[in-house]
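Secondary and tertiary structure notes
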Amino acid sequence: MSQTRQDGDQADPSGHYYGDPSQQPSRKWTKETILAVLSLALAVTVLFFGDGWFRGEDDPPPAAATTSPSAHPSSTAPSSSAPTPSQTPSPEPSAAPSVRWTGVVRLGAGVDLDQLPPTIRTSDENADITESSSFFVSSIKAHEQSLAPWSDSTAPTRQQCVEALSTQGTTEWGESGKEEVETGAIFCLRTSEGRIAAMKMKDDSYHNMRATVKVWDPADSL
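Values in this document were obtained by computation on a predicted structure and should not be read as measured data. (Residues numbered from 1 in each chain as written. Predicted model: local features only at pLDDT ≥ 70, side-chain atom pairs only at ≥ 80, totals over all residues. Heavy atoms only, no water.)

1. Examining a nonpolar patch on the surface
We count it as follows: What makes a patch is a set of residues exposed beyond 30% relative accessible area and free of salt bridges, joined within 9 Å when like-charged and within 5 Å when nonpolar (Val, Leu, Ile, Met, Phe, Trp, Tyr). We get accessible surface area from the Shrake-Rupley algorithm with a probe of 1.4 Å; when it comes to residues, only the shown protein chains can shield them. Throughout this description, the term salt bridge denotes a Lys or Arg side-chain nitrogen within 4 Å of a carboxyl oxygen of Asp or Glu. Working definition: helices are DSSP H or I runs of at least four residues, strands are E runs of at least two. Numbering for both runs from the N terminus.
On the surface, a cluster of nonpolar side chains totalling about 280 Å² of accessible area is made up of Ile34, Leu35 and Leu38. Tracing the backbone through its elements, the reader meets Ile34 in helix H1 (residues 31–55).

2. Remarks on the side chain of Asp128
The cut-off we apply is this: Throughout this description, buried means an accessible area under 20% of the type-specific maximum (1.4 Å probe, protein chains only), exposed means over 50%, and partly exposed covers the range between. Counting rule applied: Lys, Arg positive; Asp, Glu negative; His and chain ends not counted. Here a polar contact is taken to be a pair of N or O atoms separated by no more than 3.5 Å, where protein atoms must pair a possible hydrogen donor with a possible acceptor and residues adjacent in sequence count only if both atoms sit in side chains. Between two residues, a contact is recorded if the distance between any of their heavy atoms is within 4.5 Å.
Assignment of secondary structure puts Asp128 in the loop between strand E6 (119–120) and strand E7 (129–131). No salt bridge is formed by the buried Asp128; its nearest oppositely charged neighbour, Arg121, is found at 7.8 Å. Here the side chain of Asp128 touches Leu113 through a polar contact of 2.6 Å, landing on its backbone nitrogen. Excluding residues within four positions of it along the chain, Asp128 makes contact with Val111, Asp112, Leu113, Asp114, Lys141, Ala142, His143, Thr191 and Ser192.

3. Points about the sheet that holds strand E11 (residues 186–190)
The condition is simple: Pairing between two strands is assigned when DSSP locates at least 2 bridges connecting them. Note on geometry: axes are lines fitted to C-alpha atoms, helical ones only across the stretch in contact, with angles between N-to-C directions running from 0 to 180 degrees.
Reading across from one edge, E4-E13-E12-E11-E9 is the order of the five strands in this open sheet, with antiparallel pairing throughout. Whereas interior strands pair on both sides, the edge strands pair on one side only; in this sheet they are strand E4 (98–106) and strand E9 (147–150). Between one strand and the next, the sheet's axes are offset by a mean angle of 25°, whatever the strand orientation.

4. Concerning the state of the cysteines
As a reminder, the rule being used: Disulfides are defined as pairs of cysteine sulfur atoms found within 2.5 Å of each other.
Under the definition given, this model contains one disulfide. Note on cysteine connectivity: Cys161 is disulfide-linked to Cys188, with sulfurs 2.1 Å apart. Across the disulfide from Cys161 to Cys188, rotation about the S-S bond amounts to roughly -70°, and the bridge is consequently left-handed. Taken as a pair, Cys161 in helix H2 (residues 158–168) and Cys188 in strand E11 lie far apart in primary sequence, 27 residues in all. Overall, the relative accessible area of 0% leaves Cys161 in the buried class. The exposure class assigned to Cys188 is buried, which follows from its relative accessible area of 0%.

5. Notes on the pattern of salt bridges
Taken as a whole and judged by the stated rule, the model has five salt bridges. As a salt-bridge pair, Arg195 and Asp114 come within 3.1 Å of each other at their nearest N and O atoms. Of this pair, Arg195 sits in the loop between E11 and strand E12 (196–203) while Asp114 is found in the loop between strand E5 (111–112) and E6, placing the two residues 81 residues apart along the sequence. Judged by relative accessible area, which is 11%, Arg195 ranks as buried. Within this structure, Arg100, Asp114, Glu193, Arg195 and Asp217 form a network of salt bridges that share partners.

Everything listed here is a matter of coordinates, which is why it stays silent on function.
Following this line, the structure appears as structure tokens:
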């Protein structure tokens, strides 16, 4: 049994109206209505949730730049233990020459100046300085090239005698007759063992010649 609306429309038992379709309510949304609803929803969303994001208020603040100290800072301080320069040991200085003996000797037949004290020989064997047997000329003899005159009045040093023997060494003095051994004359000598000696004549008398002698150590052959 159909129902009748007050406006005259009729409905079937299921409640659906039938009559003039133009008079029935529209059950479909128009495109304009949907757009209006969506626009409204978007406006509300922006109003409550999106406004702050657009302004960047919710952006996390940028992390502050921090500089962490280096775990191992470079050190420019010089090392306290500077390398020790290599040192070459200097050679030990040789022993300075020392006076072995000094005193007055008589030349006679010969004197061995390597003995301590010097020893007079009965012959010229092993003698370092010998008086010549010439009656007319005062002369002396030594080993080959082991006698040298010293012209300066000041007594020579050992080194000066070494140089004089190297440049003026002779075997005898006065034997040729060109020069004689006189009191006060100075000579340099080299002994048979290589020692250096200086001799100043104290007396030039025949067979009684005497001299003051200084002998140095160590032995040093030329």
